[in-house]
Amino acid sequence: MRVLVINSGSSSLKYQVRDTDTNEVAANGLIDRIGEGAGGPADHGEAMDQVAAALEDELAQRPLDAVGHRVVHGGERFSEPVLINNEITRSIERLNPLAPLHNPANVLGIRAIAAKWPHMPQVAVFDTAFHRTLPEHAWRYAIPDELYRQYGIRRYGFHGTSHQFVTGRAAELLGVPVHAFNAVVAHLGNGVSLTAIQGGASIDTSMGFTPLEGLVMGTRSGDVDPSILIFLQRQGMSAQDIDTMLNKESGLKALFGDNDMRAIVDAANAGNARATLALEIASYRLAKYIGGYHVAVGGAQALVFTAGIGENSADFRALVVSRLSALGVKLDGAANLVRSREPRVVSAPDSLIPVLVVPTDEEQAIAEATAAVVRGE
Ligand code: AMP
């Protein structure tokens, strides 16, 4: 099948045309500055017109079979990808308060396509869906129940499409049926999340009510004492300023001044003390979570690294694994340095459990999920 994968943000729209039989990327692009004036598209409808214009030659050769949307928040309702109709679109819209920057943009993208190609099957693939298997003891916060009932305040988890895709590939590489596979999966990109996989399902994950919870990320703080926010508000900082500080000005960017892992590793190797400390904080926090999730799954059969840093930074992987000697995990120095787009084992033969690097591909996962829904699988 030929699937157009759409990832729409508040002011940008990323797209790819994927062939799910050959896995070929037939076209891809980014439309940005939506609604910002300065010659950019006025709205998501105009942005879709630009996508359609860019794809004209491609689609004249072979038309699309379906459109798959990356939708950030599926709330408690969506545990798998779904074929979109008006009722589904309204449900996604009702979840706007939980993802105020993302879900409205996703809905605009869906409506723009429905207006342009009314008969095109559209599928929503939710970033939260894979984590719908979290048991209540993992998703509940220890705060009054009313906050859950009134506002839906609970842990949802994100990066689900990536965690699910990588879990499947990792089980395949090890020759274990996915339903019998226990693992700890580390998605280390600009956003960072760790997932505890038991029997192929997510039973815990480090992001919570929003993607801010958990590990040290590129520009997000991860876990902090919630009293800090109350303290800052009492000092006169606005809710918006605190939000911006924690999401955009924290994490590696705050610790070192730049959130690019390559720059941090280079600086640390050149003797920069701030870079070294940033790496120590990020790897220490991650190692603690990995130890916790190893316990949560009752013993992982593998530790899996993915995304920009997880796939490409041998230095950061080495730093994290060096903190896991209590688990008997050891890297193979040479294997860890291999660069490849293929899933691979990077641990030493005498490592108690294998360490894998499995490249993620959200667009491929969304295209495959979309094709499966359209075929009625
Ligand atoms: P992602 O969000 O998965 O695209 O990951 C983006 C992050 O991956 C960037 O901010 C970089 O820190 C990191 N990254 C990408 N390529 C490399 C590389 N070759 N070595 C180290 N880090 C990398």
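Analysis parameters
- Per-chain numbering applies: the sequence of each chain, read as written, is numbered from 1 onward.
- Only residues with pLDDT of at least 70 are given local features in this predicted model, and only at 80 or more are side-chain atom pairs given and counted; all residues enter the totals for whole chains, interfaces and linings.
- Think of the side-chain values as coming from all heavy atoms in the structure, minus any hydrogens and water.
- UniProt positions are given in the numbering used here, feature names are shortened, and annotations may be inferred rather than shown by experiment.
- Secondary structure elements follow DSSP: runs of H or I of four or more residues count as helices, runs of E of two or more count as strands, with numbering from the N terminus.
- Partly exposed describes any residue whose relative accessible area lies between the buried limit of under 20% and the exposed limit of over 50%, with all areas from a 1.4 Å probe on protein chains only and scaled to the type maximum.
- Residue contacts follow a heavy-atom distance rule, with two residues in contact if any of their heavy atoms lie within 4.5 Å.
- Remark: nonpolar core denotes a set of buried residues (Ala, Val, Leu, Ile, Met, Phe, Trp, Tyr, Cys) joined through side-chain atoms within 4.5 Å.
- Any pair of N or O atoms that falls within 3.5 Å is considered a polar contact. Within protein, one atom must be able to donate a hydrogen and the other to accept it, and sequence-neighbouring residues count only if both atoms are side-chain atoms.
- Put simply, a residue is near a molecule or strand once any heavy atom of it comes within 4 Å of that molecule or strand.
- Every accessible area reported is derived by Shrake-Rupley at a probe size of 1.4 Å, with residue values counting cover from the shown protein chains alone.
- In the scheme used here, Gly and all other residues not listed as nonpolar or charged are polar, with Ala, Val, Leu, Ile, Met, Phe, Trp, Tyr, Cys and Pro taken as nonpolar and Asp, Glu, Lys and Arg as charged.
- Pairing between two strands is assigned when DSSP locates at least 2 bridges connecting them.
- To obtain an axis, a line is fitted to C-alpha atoms, over the contacting stretch when the element is a helix, and the angle between two such axes runs from 0 to 180 degrees between their N-to-C directions.
- Each Phe, Tyr or Trp ring (for Trp, its six-membered ring) is paired with any other whose centre lies within 6.5 Å, and the angle between the two planes then decides the class: stacked below 30 degrees, edge-to-face above 60, tilted in between.

## Quick notes on the UniProt feature "binding site: Mg(2+)" (unreviewed entry) in the protein
Here, UniProt's "binding site: Mg(2+)" (unreviewed entry) annotation points to Asn7 and Glu362. For the residues just named, distributed over 356 residues, the greatest C-alpha separation is only 10.1 Å, placing them together at one site. With respect to the helices and strands, asparagine 7 occurs in strand β1 (residues 2-8). With relative accessibility at 17%, the residue asparagine 7 sits in the buried group. Those residues in contact with glutamate 362, other than ones at most four positions away along the chain, are Arg70, Asp127, Thr161 and Ser162.

## What to know about the nonpolar core
If you look at the biggest cluster of nonpolar residues, it comprises 45 residues, and the most contacted ones within it are Leu188, Leu194, Leu286, Ile290, Leu303, Phe305 and Phe316. Elements supplying a minimum of two residues to this core: β7 (183-188), β8 (192-198), α10 (251-256), α11 (261-269), α12 (273-296), β10 (302-306), α14 (314-322) and β12 (355-357). Here leucine 303 is in contact with Val184, Ile290, Val321, Leu324, Ile353, Pro354, Val355 and Leu356, once residues within four sequence places are set aside.

## Let's talk about the environment of aspartate 225
You can see aspartate 225 is positioned in the loop between β9 (201-205) and α8 (227-234). Within polar-contact distance, the side chain of aspartate 225 engages the backbone nitrogen of serine 227 at 2.8 Å.

## A look at the site of the ligand
Inspection of the region around the ligand gives Gly189, Asn190, Asn259, Asp260, Met261, Arg262, Ala307, Gly308, Ile309, Asn312, Ser313 and Arg339 as its neighbouring residues. A distance of 2.9 Å separates an oxygen atom of the ligand from a polar atom in the backbone of asparagine 190. Isoleucine 309 has a polar backbone atom sitting 3.4 Å from an oxygen atom of the ligand. Against a free-state accessible area of 510 Å², the protein chains account for coverage of 70% of the ligand. Contributing elements (two or more residues each) for the shell around the ligand: α11 and α13 (307-312). Ranked by residue count, the leading element in the shell around the ligand is α13, at 4 residues. Its residues assigned to classes, the shell around the ligand comprises 3 nonpolar, 6 polar and 3 charged.

## What to know about the pairing of β7
A large share of β7 lies buried, amounting to 6 of its 6 residues. Here β7 shows a buried face lined by Ala183, Val185 and His187 and a second buried face lined by Val184, Ala186 and Leu188. Summarising the sheet, β7 and β8 pair through 6 bridges and their orientation is antiparallel. Bridging across to β8, leucine 188 finds its partner in valine 192. Between the antiparallel neighbours β7 and β8 lie 3 residues. Relative to β10, β7 runs parallel, the two sharing 5 bridges. Paired with valine 184 across the two strands is leucine 303, which belongs to β10.

## Describing the sheet that holds β10
Taken in spatial order, the 6 strands of this open sheet run β9-β8-β7-β10-β12-β11, and their pairing is mixed. Taken across any chain shown, the strands that pair with only one partner, and hence form the sheet edges, are β9 and β11 (344-345). Pairing of β11 with β12, which is carried by 2 bridges, proceeds in the antiparallel orientation. Note on β12: the bridge partner recorded for valine 345 is leucine 356. Packed on one face of the sheet, α14 meets β7, β10, β11 and β12 and runs near 150° to β10.

## Quick notes on the packing of aromatic side chains
Evaluated as defined, the whole model comprises 4 aromatic pairs. Ring geometry for phenylalanine 78 against phenylalanine 126: centres 4.3 Å apart, planes inclined by 10°, an arrangement best described as stacked. On the criterion of sequence distance, the pair formed by phenylalanine 78 in the loop between β4 (66-71) and β5 (82-83) and phenylalanine 126 in strand β6 (residues 122-126) is long-range, its members being 48 residues apart. In this structure phenylalanine 126 comes out as buried when scored by relative accessible area, which is 2%. Ring plane angle 80° and centroid distance 5.9 Å describe the contact between tyrosine 289 and tyrosine 293, whose orientation is recorded as edge-to-face. Residue tyrosine 289 and its partner tyrosine 293 are located together in helix α12, separated by 4 residues, close to a single helical turn.

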